[in-house]
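Now for the letters of each chain:
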Amino acid sequence: MTTVHLEVADGVGTIRLDRPPMNALDIELQDRLKDLAADVTDRDDVRAVVLYGGEKVFAAGADIKEMQDMDHTAMVLRSRALQDSFTAIARIPKPVVAAVTGYALGGGCELALCADFRIAADNAKLGQPEILLGLIPGAGGTQRLPRLIGPSKAKDLIFTGRQVKAAEALAIGLVDRVVPAAEVYTEAHAWAARLAKGPALALRAAKEAVDQGLEADIDTGLAVERTWFAGLFATEDRERGMRSFVQDGPGKAKFL
């Protein structure tokens, strides 16, 4: 049974979770996410990506029944693969937006954290409830969440396991926009489609410079930025963008 699908339209690849009723993130789904991350990375017709779980739920977390049967040895062997599948999504070298409907809990929240931008439904609920199972987040939550919202707010969510509604998620920076539930996918696709028309190499460079810089000291980050900045002067997109600016004014360049 295929639990994740890829649909491509207007330069946007939608990675659609499809494991009713709650999109529980079992091993098959995790592995499929990794495969699709590689697919959208390689495809020239995909220039931006939407992560979507459907109209009712993004992903309510890991498949607890599947994990309950795993002992320490089994999880030692599996935990790296779990993290690798999410890291593959985070490292897609193209703009990625999460369209969050309903619940995004545990692994679902961690998957949303892998996106560059998060648009949430006004009835969405997000959180890291692993502590309520005697666990901690294992798919990047202890690392990506504090980098996004700060350590104190992240510890609040991780230590208590509480769920936050869309309004609070917006206030603390966990999501970037809140819209009516019926408009979440439309808004996310529009955001991605707009960026899909932009300069692909410059967008890739911007994403990698930000992400790599966050993991390094300021001098290393500036060196990463400098390398990407200079390298873009060898691209057709840079030539096209500057020529358009000089001839027609700012913001009118059309990129291939």
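The shown structure was predicted, so the numbers you read here are calculated from the model rather than taken from an experiment.

Rules used in this analysis
Residues numbered from 1 in each chain as written. Predicted model: local features only at pLDDT ≥ 70, side-chain atom pairs only at ≥ 80, totals over all residues. Heavy atoms only, no water. Axes fitted to C-alpha atoms, helices over the stretch in contact; angles between N-to-C directions. Helix = DSSP H or I, 4+ residues; strand = E, 2+ residues; numbered from the N terminus. Parallel < 35°, antiparallel > 145°, perpendicular 65-115°, else oblique. Left-handed = near helix turned anticlockwise from the far one by under 90°. Contact = heavy atoms within 4.5 Å. Buried < 20%, exposed > 50% of the residue type's maximum accessible area, 1.4 Å probe, protein only. Pairing = 2+ DSSP bridges. Right-handed = clockwise from strand over helix to strand, strands pointing away.

Novice: Go over the packing of helix H1 (residues 27–42) against helix H3 (residues 72–90), please, and point to the residues and values.
Specialist: At a minimum axis separation of 8 Å, H1 and H3 run at an interaxial angle of 40 degrees. Classified by the angle their axes make, H1 and H3 are oblique. Along this stretch, H1 crosses H3, giving a crossing that reads as left-handed. On H3, the residues that touch Ile-27, Gln-30, Asp-31, Leu-33, Lys-34 and Ala-37 of H1 are Arg-78, Leu-82, Asp-84, Ser-85, Ala-88 and Ile-89.

Novice: Lay out the pairing of strand E2 (residues 12–17) in plain terms, naming residues and giving numbers.
Specialist: With five of its six residues buried, E2 lies for the most part within the structure. With six bridges joining them, strand E1 (residues 4–9) and E2 adopt antiparallel strand pairing. Note that in E2 the partner of Val-8 across the bridge is Gly-13. Connecting E1 to the antiparallel partner E2 that follows it, the hairpin turn spans two residues, and Asp-10 within it adopts a positive phi of roughly 55 degrees. Where E2 lies against strand E3 (residues 48–52), five bridges are found, and the strand directions are parallel. Among the inter-strand pairings, Arg-16 is bridged to a residue of E3, identified as Tyr-52. Remark: the E2/H1/E3 crossover connection has right-handed handedness.

Novice: Can you tell me about the sheet that holds strand E5 (residues 103–105), naming the residues and giving the values?
Specialist: Strand pairing in a sheet is mediated by backbone hydrogen bonds. Such pairs are either parallel or antiparallel. The strand order across the open sheet formed by three strands is E5-E7-E8, and the pairing between neighbours is mixed. Only two strands of the sheet have a single neighbouring strand rather than two, namely E5 and strand E8 (163–165). Within this sheet the neighbouring strands show an average axis-to-axis angle of 20 degrees, counted without direction. In the sheet, E5 pairs with strand E7 (residues 125–127) via three bridges, with the strands oriented parallel. Bridged to Tyr-103 within E7 is Lys-125.

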